[in-house]
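Here are the chains, one letter per residue:
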Amino acid sequence: DQQVKQNSPSLSVQEGRISILNCDYTNSMFDYFLWYKKYPAEGPTFLISISSIKDKNEDGRFTVFLNKSAKHLSLHIVPSQPGDSAVYFCAASASGSARQLTFGSGTQLTVLP
Amino acid sequence: ETGVTQTPRHLVMGMTNKKSLKCEQHLGHNAMYWYKQSAKKPLELMFVYNFKEQTENNSVPSRFSPECPNSSHLFLHLHTLQPEDSALYLCASRGQAYGYTFGSGTRLTVV
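How each quantity is defined
- Residues numbered from 1 in each chain as written.
- Chains lettered and ligands numbered in written order.
- Predicted model: local features only at pLDDT ≥ 70, side-chain atom pairs only at ≥ 80, totals over all residues.
- Heavy atoms only, no water.
- Helix = DSSP H or I, 4+ residues; strand = E, 2+ residues; numbered from the N terminus.
- Rg over C-alpha atoms; globule rule 2.2 N^0.38 Å.
- Buried < 20%, exposed > 50% of the residue type's maximum accessible area, 1.4 Å probe, protein only.
- Contact = heavy atoms within 4.5 Å.
- Areas by Shrake-Rupley, 256 points an atom, 1.4 Å probe, with all protein chains shown as cover.
- Lys, Arg positive; Asp, Glu negative; His and termini not counted.
- Charge placed at Lys NZ, Arg CZ, Asp CG, Glu CD.
- Pairing = 2+ DSSP bridges.
- Disulfide = S-S within 2.5 Å.
- Salt bridge = Lys/Arg side-chain N within 4 Å of Asp/Glu carboxyl O.

## Details of the overall build of chain B
(1) Moving on: Of the regular secondary structure elements, chain B holds zero helices and 11 strands.
(2) Moving on: Rg of the C-alpha trace for chain B: 13 Å, near the compact-globule value of 13 Å for 111 residues, within the 12% margin.
(3) Moving on: Overall, chain B is about 40 × 25 × 25 Å in size when its C-alpha atoms are taken along their principal axes.
(4) Moving on: When each of the 111 residues of chain B is scored for burial, the buried share is 48%.
(5) Moving on: Sequence separation of at least 24 residues holds for 52% of the intrachain contacts in chain B that already meet a minimum separation of 6.
(6) Moving on: Accessible area of chain B: about 5,300 Å², with a carbon and sulfur share of 49%.
(7) Moving on: The centroid of the 11 positive side-chain charges in chain B is displaced by 5 Å from the centroid of its 8 negative side-chain charges.

Structure follows, in structure tokens:
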């Protein structure tokens, strides 16, 4: 049973527009959430994170929103750039789990020039 | 370069071969992980090591055998694999913070 779900395997967005990537989770013990970005032939790299005590965290063009009641988080990229084209993984961790991360299946974002 | 180095980057092996994947980090991290990434699937946790001790084996078949001789090195020994084991194998390490640092992975093809 997948505890972290990314229901959209792919997303295409025009350059300059907003990209919204979604993630749902089922484990109410998760209290820390991260987004990773992965280019082909490379390992995932950390992008942005959010603690459950917040509902928003912003870093430049990237903003993560957390809705704890809905067990939902989203990553907003604005404006989207062609270099943002990659697979984005959502991950979650519970404080009692030795900070082990549970990953979603990823969303392939394609930003069209 | 992330600080976590995996070798080889690509590996093709027959089902009767024995090979090993290597992961090395000099970030001072105490936890190391092996993940398997198959197409369109979540990253699957295979093994966890904390301070060189294996703390989790996520129901991985015995044809995969990890080894952690010290906190900087992690190996994954492979023998009699199946074609369905073909995947990207990722190593990661973690320090005090929540985030993992991943290596670039080994693309394994079993023929």
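## What to know about the pairing of strand β7 (residues 64-70) of chain B
(1) Moving on: Taken together, the five bridges between β7(B) and strand β8 (residues 73-79) of chain B define a ladder with antiparallel strand orientation. By the bridge assignment, B:Ser65 is partnered in β8(B) with B:His77.

## Some thoughts on the state of the cysteines
(1) Moving on: Throughout the structure, instances matching the rule amount to two disulfides over all chains.
(2) Moving on: Each sulfur in the disulfide pair A:Cys23 and A:Cys90 lies 2.0 Å from the other. The chirality of the disulfide connecting A:Cys23 with A:Cys90 is left-handed, given an S-S dihedral of about -75°. In this pair, A:Cys23 is assigned in strand β3 (residues 19-25) and A:Cys90 in strand β9 (residues 86-94), connecting sequence segments 67 residues apart. Comparing A:Cys23 with A:Cys90, the two get one shared label, buried.
(3) Moving on: Sulfur-sulfur distance for the disulfide between B:Cys23 and B:Cys91 comes to 1.9 Å. Handedness here is read from the sign of the S-S torsion; for B:Cys23 and B:Cys91, about -70°, the answer is left-handed. Here B:Cys23, found in strand β3 (residues 18-25), pairs with B:Cys91, found in strand β9 (residues 87-94); they are 68 residues apart in sequence, far enough to count as distant.
(4) Moving on: With a relative accessible area of 0%, B:Cys23 lands in the buried category.
(5) Moving on: Taking relative accessible area as the criterion, B:Cys91 reaches 0% and is therefore assigned buried.

## Considering the pattern of salt bridges
(1) Moving on: Taken as a whole and assessed by the stated rule, the structure comprises four salt bridges over all chains.
(2) Moving on: Ionic pairing is found between A:Lys56 and A:Glu58, a salt bridge with its closest N-O pair at 4.0 Å.
(3) Moving on: Residue B:Asp85 is joined to B:Arg63 by a salt bridge in which the shortest nitrogen-to-oxygen separation is 2.7 Å. Of the two residues, B:Asp85 sits in the loop between β8 and β9 while B:Arg63 sits in the loop between β6 (53-57) and β7, which places them 22 residues apart along the sequence.

## Thoughts on unusual backbone geometry
(1) Moving on: The residue after A:Val78, namely A:Pro79, is reached through a cis peptide bond having omega -10°.
(2) Moving on: Here A:Pro79 is to be found in the loop between β8 (72-77) and β9.
(3) Moving on: Omega for the bond connecting B:Thr7 with B:Pro8 falls within 30 degrees of zero, at -10°, which places this linkage in the cis form.
(4) Moving on: Along the chain, B:Pro8 falls in the loop between β1 (4-7) and β2 (10-13).
(5) Moving on: For A:Lys71, which is not glycine, the phi dihedral falls at a positive 50°.
(6) Moving on: Relative to the assigned elements, A:Lys71 resides in the loop between β7 (62-67) and β8.

## Things to note about the sheet that holds strand β6 (residues 56-59) of chain A
All names here are of chain A.
(1) Moving on: Spatially, β1-β3-β8-β7-β6 is the arrangement adopted by the five strands of the open sheet, whose pairing is antiparallel. The open sheet has two edge strands, β1 (4-5) and β6, and neither has a second partner.
(2) Moving on: As judged from the four bridges shared by β6 and β7, these two strands associate in the antiparallel manner. Within β7, the position partnered with Glu58 by the bridge is Thr63.

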